[in-house]
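Summary of the model geometry
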Amino acid sequence: MHHQAEDSGPGGYAAARLRLLNEKARSGPPRRSALAGLTDEWLAGLFAAGAPAARGVSLVAVGGYGRAELSPRSDLDLLLLHDGSDPGTVSKLADRLWYPVWDLGLALDHSVRTPTEARRTAGEDLKVQLGLLDARHVAGDLGLTTALRTTVLADWRNQAPKRLPALRELCEERAARQGELQYLLEPDLKEARGGLRDATALRAVAASWLADAPREGLAEARSRLLDVRDALHLTTGRATDRLALQEQDQVAAELGLLDADALLRQVYEAARVIAYAGDVTWREVGRVLRSRSVRPRLRKLARERSDFLRRAVVGDGRALGGGPAPERSPLAEGVVEQDGEVVLARAARPDRDPVLPLRAAAAAAQAGLPLNLHAVRRMAAGARALPSPWPAEARQQLLTLLGSGRPTVDVWEALEAEGLISLLLPDWDRVRCRPQRNAVHLWTVDRHLIETAVRASAFTRRVSRPDLLLIAALLHDIGKGWPGDHSVAGEVIARDVAARIGFDADDVTVIATLVRHHLLLVETATRRDLDDPATVRSVAEAVGSPGTLELLHALTEADALATGPAAWSSWRAALVADLVKRVAAVLAGQAPSDPEEAAPTAQHERLALEAVATGAPVLSLRAQTEPPAEPSGDPEPLGVELLIAVPDQAGVLPAVAGVLAMHRLTVRTAELRSLDLPDGVDGSVLLLDWRVAAEYGSLPQAARLRADLVRALDGSLDIAGRLAERDAAYPRRRGVAAPPPRVTVAPAASRHATVIEVRAQDAPGLLFRIGRALEDTAVRVRSAHVSTLGANAVDVFYVTQEQGVPLPGEEAVAVAGKLEEALRV
């Protein structure tokens, strides 16, 4: 049977709802509450019209609606509760309730149950039980609703020792599936760890009376996420919880925020509060459940040893409920371990011991134990800023904390949650929860800095000054909170922070140099010609000393590993190690060898002669590996060396790049040069020495590559058309438009060639398009160095005139301009 909603006209519920949602003056909790109240009135009217007597049946709001937290597109979670005396009447009443809701296009999650059925279903389905914990009476028999609420809460409290571990498991499974809200660029506000579901789970834990979440800031954090979801519903018109990239600016504007970054930062702050509260709460649940499991044994012990129990002290560190006092093991001055957590000793005085927070944190990280919430709050309440420069003990405790490996993360977050990090390092506030809009980065800026310190702690045995490495790891991206180049801004901040922490002038200079040049090694190794003396000399001048080079090498690897899997590989590691070896030689007084002195190998000459004899390209594929990290392991692949000899002609670079793109081969480096043939052999040969890797699957056969290359060079293979067809076959995802490509000339980067740098959105065939555009400018490409991080490609080309000399300044700028124009098409 189909019914029209009685109040869905202009003067009814639909119109009132629309007016309420369009009221700019009312938003946040007041609007959610008003929307719930408006919906209550409408549904109560429908209920009264369908069941005037209202005995033995009631309408109950559950879940988010039960909490009176209706977002613009929220589901209505409703339970029609009845005593089972008149099923026919209840069925008709259900139709009169559900159909008007559907008619208005509102999502409805509904059920019709007796109290016994509701209780049984809750016992079988944890999600149903959680929804009923927020049950709220809307209409009908109030006594029926009240009795159900009382029964469900009693069941929950009685079953909590069994149900809470299951709830925790649900939360952990969801976190593993959805990720952490505080780090995601397109987060799910509800399902991700630290989101709205976790906040609801904490309410359920509190309702069990077994443990309670830290209340400070929790309600505000939850309300902030609900505000963002409201704005998301209003701007998209959809019932969605995922904050997609293309919608973030609109949502930010709806909330009156400056931009999408400000929005994400607020979301991350809220998620961090909820996630930390969850960690503390679930730890407390575990402690309580463990203590309950041993209580029967304690009672038996009490009976057998009553004299001992009568002497047991009660109070601080004393037995609770007649049991023996928890054991306390000293960890450091003023710091002890108790019941698996780090707490303050009874004699500790946070107000008189400014180093205590760092000492407690270092002890906790070294022991691999969490900091007790109340201990952190006691320290925060009595904390005061350290003098400048810091006392030696404070500096040493910070270094111990940073050098403790993975446990550092949780301990640092505990200090940060109570404001202690901001007190110790005021500059931290600018990077706290700051998003990084780069798919390569897994973390926010602040978490990335801690992750880098964690990674660097594994390298402290390979450097002579591990203290400088750890501090540089903590500060290397500290400039990202300021405008301009973050390395330049970071150098200034790092110099100030290092001096405040208590390092001497020489150490401060080294730390500042490491922060200023923390990207130098990886960018140079992947984007410059390492055989060019100018490349190696420029790095040596920037680094200055062997000790700094050693530290920079370790920092480079730690930074890349902490960024994400796309930022580091065996290939990058090998290039960086090669550069470090060359720079170390220069710093030791050796002059770098000139690349012009390199002679062709016997294999080069053999391929060149075969190319002249056949008048066609000849190629060879050879896998490259590096020794395994473990003696028993297999060699790790670095890529494949592709050697191609081809009779000198136009269009070789785009032809080779296009064929490789067709076969889904990624180019890492590319060198091109002319070979002088032995006397008596006519002709000229180009030799291409490239490093490539398969995007996925196995490498194509050399014969297939050669056949396609022959067709590309003679013009019978339409590479551009084939690549366009393949690109069109894949559906395009909506997303933020990529910034336009940028082509620049690197000043004084080489004495032998002009260095042109291309920054563009990575795409199949990009190198083919660049090669074709360079061919049109009539320059010779001597080598190419290809670097891709996520969606961003940075390709560097060493080009010369036909005579093999660098381009004049104006011509170089003109070539860069033409290349940029070609890529923008």
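Up top you'll find the structure we're talking about.
Conventions we followed
- Residues numbered from 1 in each chain as written.
- Predicted model: local features only at pLDDT ≥ 70, side-chain atom pairs only at ≥ 80, totals over all residues.
- Heavy atoms only, no water.
- Helix = DSSP H or I, 4+ residues; strand = E, 2+ residues; numbered from the N terminus.
- Buried < 20%, exposed > 50% of the residue type's maximum accessible area, 1.4 Å probe, protein only.
- Contact = heavy atoms within 4.5 Å.
- Areas by Shrake-Rupley, 256 points an atom, 1.4 Å probe, with all protein chains shown as cover.
- Phe/Tyr/Trp six-rings, centres within 6.5 Å; stacked < 30°, edge-to-face > 60°.
- Salt bridge = Lys/Arg side-chain N within 4 Å of Asp/Glu carboxyl O.
- Axes fitted to C-alpha atoms, helices over the stretch in contact; angles between N-to-C directions.
- Parallel < 35°, antiparallel > 145°, perpendicular 65-115°, else oblique.
- Left-handed = near helix turned anticlockwise from the far one by under 90°.
- Pairing = 2+ DSSP bridges.
- Core = buried A, V, L, I, M, F, W, Y, C linked by side-chain atoms within 4.5 Å.
- Expected span 1.5 Å × (residues − 1).

**Section: the overall build of the protein chain**
Secondary structure assignment for the protein chain yields 31 helices and 15 strands. For the protein chain, the proportion of its 825 residues judged to be buried stands at 50%. A separation of at least 24 residues holds for 70% of the contacts in the protein chain among residues at least 6 apart in sequence. Here the protein chain has roughly 37,900 Å² of accessible surface; of this, 51% comes from carbon and sulfur atoms.

**What about the packing of aromatic side chains?**
For the coordinates displayed, the defined rule picks out four aromatic pairs. Ring plane angle 85° and centroid distance 5.3 Å describe the contact between Tyr-99 and Trp-102, whose orientation is recorded as edge-to-face. Placement of both Tyr-99 and Trp-102 in helix H4 (residues 87–103) is noted, with a separation of three residues, approximately one turn of the helix. Classification of Tyr-99 as partly exposed rests on a relative accessible area of 24%. When the centroid spacing of 4.9 Å and the interplanar angle of 90° are considered together, the rings of Tyr-183 and Trp-443 count as edge-to-face.

**Topic: the pattern of salt bridges**
What the rule picks out here adds up to 50 salt bridges. Put simply, Glu-69 and Arg-67 hold a salt bridge, and the shortest N to O gap is 3.1 Å. By relative accessible area, Glu-69 is classed as buried at 12%. Of the charged contacts in the structure, one is a salt bridge between Arg-193 and Glu-180, with a shortest N-O distance of 2.9 Å. One end of the pair, Arg-193, is in the loop between helix H7 (142–178) and helix H8 (196–207); the other, Glu-180, is in the loop between H7 and H8, with 13 residues separating them in the sequence. Overall, the relative accessible area of 21% leaves Arg-193 in the partly exposed class.

**With respect to the packing of helix H19 (residues 466–475) against helix H24 (residues 546–563)**
To characterise two packed helices, one gives the angle between the axes of the helices and the distance between these axes. Where H19 meets H24, the axes come as close as 10 Å, and the angle between the chain directions of the two elements is 45°. By the angle between their axes, H19 is oblique relative to H24. Between H19 and H24 the crossing geometry is right-handed. Within the contact between the two elements, H19 uses Leu-468, Leu-469, Ala-472 and Ala-473 and H24 uses Leu-551, Ala-554 and Leu-555.

**A word on the sheet that holds strand S1 (residues 57–61)**
Overall, mixed pairing links the four strands, which are arranged S3-S2-S1-S4 in an open sheet. The open sheet has two free edges, formed respectively by strand S3 (108–113) and strand S4 (136–140), since each of these has just one partner strand. Taken over all neighbouring pairs, the strand axes of this sheet differ in orientation by 25° on average, direction set aside. Examined bridge by bridge, strand S2 (residues 76–82) and S3 share six bridges and lie parallel to one another.

**What to know about the nonpolar core**
Formed by 93 residues in total, the largest nonpolar core has its most connected members in Leu-371, Trp-390, Trp-412, Leu-425, Trp-428 and Ile-471. Grouped together as the second largest cluster of nonpolar side chains are 51 residues, Ala-670, Leu-766, Leu-774 and Leu-807 included.

**With respect to helix H25 (residues 570–587)**
Helical geometry note: an α-helix holds 3.6 residues per turn, so side chains three or four residues apart project in the same direction. End to end, H25 covers 25 Å across 18 residues, agreeing with the expected 26 Å (1.5 Å per residue, within 8%). Those residues of H25 not exposed but buried are Ser-570, Trp-571, Arg-572, Leu-575, Val-576, Leu-579, Val-580, Val-583 and Val-586. With its phi angle positive at about 105°, Gly-589 sits one or two positions after the end of H25.

**Overview of the sheet that holds strand S5 (residues 328–332)**
Strand-to-strand pairing in sheets goes through backbone hydrogen bonds, with the strands running parallel or antiparallel. Read across the sheet, three strands follow the order S5-S6-S7 without closing on themselves; strand pairing throughout is antiparallel. Two strands bound the open sheet, and with one partner strand each, they are S5 and strand S7 (341–344). Taking each pair of neighbouring strands and ignoring which way they run, the sheet shows an average axis angle of 40°. As defined by bridge partners, S5 adjoins strand S6 (residues 335–338) across four bridges and the pair is classed as antiparallel. Residue pairing for S6: Ser-329 is matched across the bridge by Glu-337. Here helix H13 (residues 356–367) sits on the sheet and contacts S5, S6 and S7; the angle it forms with S6, its principal contact strand, is near 40°.

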